[in-house]
Amino acid sequence: MNAVNDMRHNFFNGLQQNLDGLREQGLFKPERVISSRQGSEVLSEDGRKLVNMCANNYLGLSGEEWMVQAARRATDQFGYGLSSVRFICGTQTVHKQLEKELAQFLGMEDCILYAAAFDANGGLFEPLFDEQDAIISDALNHASIIDGIRLCKAARYRYEHNNMADLEAQLQAASGKRHKIIVTDGVFSMDGTVAQLDKICNLADKYQALVMIDECHATGFMGRSGRGTHEHHDVMGRIDIITGTLGKALGGAMGGFTCAKKEVIETLRQKSRPYLFSNSLAPSIAGASIAVLQKLTQTTELRDRLHANTSYFRREIAKLGFSIKPGMHPVVPVMLYDAQLAQKYAQRMYELGILLSGFFYPVVPMGQARVRVQISAGHSIEQLDRALNAFVQTSRELGLPKKPGA
Ligand SMILES: *Cc1c(COP(=O)(O)O)cnc(C)c1O
């Protein structure tokens, strides 16, 4: 009995020591609690108004009344849930319609839904590639891509982040393999870096490789009509597989998808484990997502407002002398370099009514700590100005030069 008690004590104690260690190093991630709907302005747990600068709510749709109503209509018609995986009795007309409209929106042949983009990536590679094949992956790809590749027997080649010379070297190294696929985030969410899809597609042609992109931070607003990074780089029709999420710009509930040619999608329906062994997407989400796609097809108004807000914020914060990662994406990293400073900075901004998040190792490389701003179509200029003023005040109070670390 005592040995068992000791074993338990050691296990729980060990966890507690690790957690204490994270706190001491300033690497512990607290959770902010919101008591309102998601939006450009939210209420904190104690009822304070906060300008929200850290949601993936790029088009401002998450808390919108018309979205809630679209979800309610789908719930009224199709019920609350399916209590089934898709292939047993979890497929309704609303799921088939959403798959069709997503494929159409992205300019692809077919589409399969998942409970999350994490699952779409996690279940993508193993059914399609084996030890005869090669996966060539950007070093900073999302965790779900890395996990998905781990579950697959294909040979793995990693190229330096966004480095086209290294990508070419890896393609050459993989030249003996049967099928090759280049895998990249369309947009990298920590820096707002946009993958060079034009160059990637040219290399893919030269070395006869397929191309897969993860469009979680792009679908709905990148490119002239919001189709994504492939539209932004004018390579629609040259991408073989697109994965994405319903949990960010497209309304923010949850759910993911993969779009590709019919043969790929049918194979995934037969063999992709997160699809086969996990529940069907809630009808409310499927119905509301259809409403979003129809709106985005009719008008680029939200996408246009997002890009106008982003240009404004990027221009103004640079004018104030802050060090940001250059670019055009609504992810705007404001560099602080030090993990504890990033935490302290976010805390002070919170007290000043601005909700944003500090990022530090292991989410970003050591010494690259930052607070990350995410702009939304839902922000007013007045809200963006409030955030800018709070940046100035926080830096002054913490005694920072405007370009910390510079
Ligand atoms: C958010 C994100 C995911 C996961 O999306 P979920 O639908 O929330 O599981 C996958 N890939 C990238 C690049 C992401 O940013």
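Residues numbered from 1 in each chain as written. Predicted model: local features only at pLDDT ≥ 70, side-chain atom pairs only at ≥ 80, totals over all residues. Heavy atoms only, no water.

(A) Looking closely at the site of the ligand. Close contacts around the ligand come from 13 residues, with Ala117, Asp214, His217, Thr245 and Lys248 the closest. One of the side-chain N or O atoms of His217 is found 2.8 Å from an oxygen atom in the ligand. At 2.7 Å from an oxygen atom of the ligand is found a side-chain nitrogen or oxygen belonging to Thr245. Coverage of the ligand by the protein amounts to 83% of the 380 Å² it exposes when considered alone. The pocket occupied by the ligand, as judged from atoms lying within 2 Å of grid points, is the largest pocket. No other element matches helix 5 (residues 117-122), which puts three residues into the shell around the ligand. Partitioned by chemical class, the residues of the shell around the ligand number four nonpolar, six polar and three charged. (Near = heavy atom within 4 Å. Polar contact = N/O pair within 3.5 Å; in protein donor to acceptor, adjacent residues only side chain to side chain. Areas by Shrake-Rupley, 256 points an atom, 1.4 Å probe, with all protein chains shown as cover. 1 Å grid on protein atoms, 1.4 Å probe; cavity = no way out; pocket = protein on both sides within 12 Å on 5 of 7 lines; lining within 4 Å. Sits in = over half its atoms within 2 Å of the grid points. Helix = DSSP H or I, 4+ residues; strand = E, 2+ residues; numbered from the N terminus. Nonpolar A, V, L, I, M, F, W, Y, C, P; charged D, E, K, R; others polar.)

(B) Region of the structure containing the pattern of salt bridges. In total, this model carries 21 salt bridges according to the counting rule given. A salt bridge links Arg23 to Asp20; its shortest N-O distance comes to 3.8 Å. Of this pair, Arg23 and Asp20 both sit in helix 1 (residues 2-24), three residues apart, which is roughly one turn of that helix. Residue Arg23 is classed as partly exposed on the basis of its relative accessible area, which comes to 45%. Where Glu382 meets Arg386, a salt bridge forms, and the shortest distance between an N and an O atom there is 3.2 Å. Remark: Arg386 and Glu382 occur in helix 15 (residues 381-397); sequence separation between them is four residues, near one turn of the helix. Counted as one network, the salt bridges with shared partners bring together Arg86, Lys96, Glu99 and Arg269. (Salt bridge = Lys/Arg side-chain N within 4 Å of Asp/Glu carboxyl O. Buried < 20%, exposed > 50% of the residue type's maximum accessible area, 1.4 Å probe, protein only.)

(C) Quick peek at the layout of surface pockets. Considering only enclosed or pocket space, the largest pocket measures out at about 970 Å³ in volume. Of all the secondary structure elements, the ones that give two or more residues to the lining of the largest pocket are helix 5, helix 14 (339-351), strand 14 (357-359) and strand 15 (369-374). In terms of residue class, the lining of the largest pocket is built from 14 nonpolar, 19 polar and six charged. Space inside the second largest pocket adds up to approximately 490 Å³. (Points joined across faces, edges and corners; volume = space filled by probe spheres on them.)

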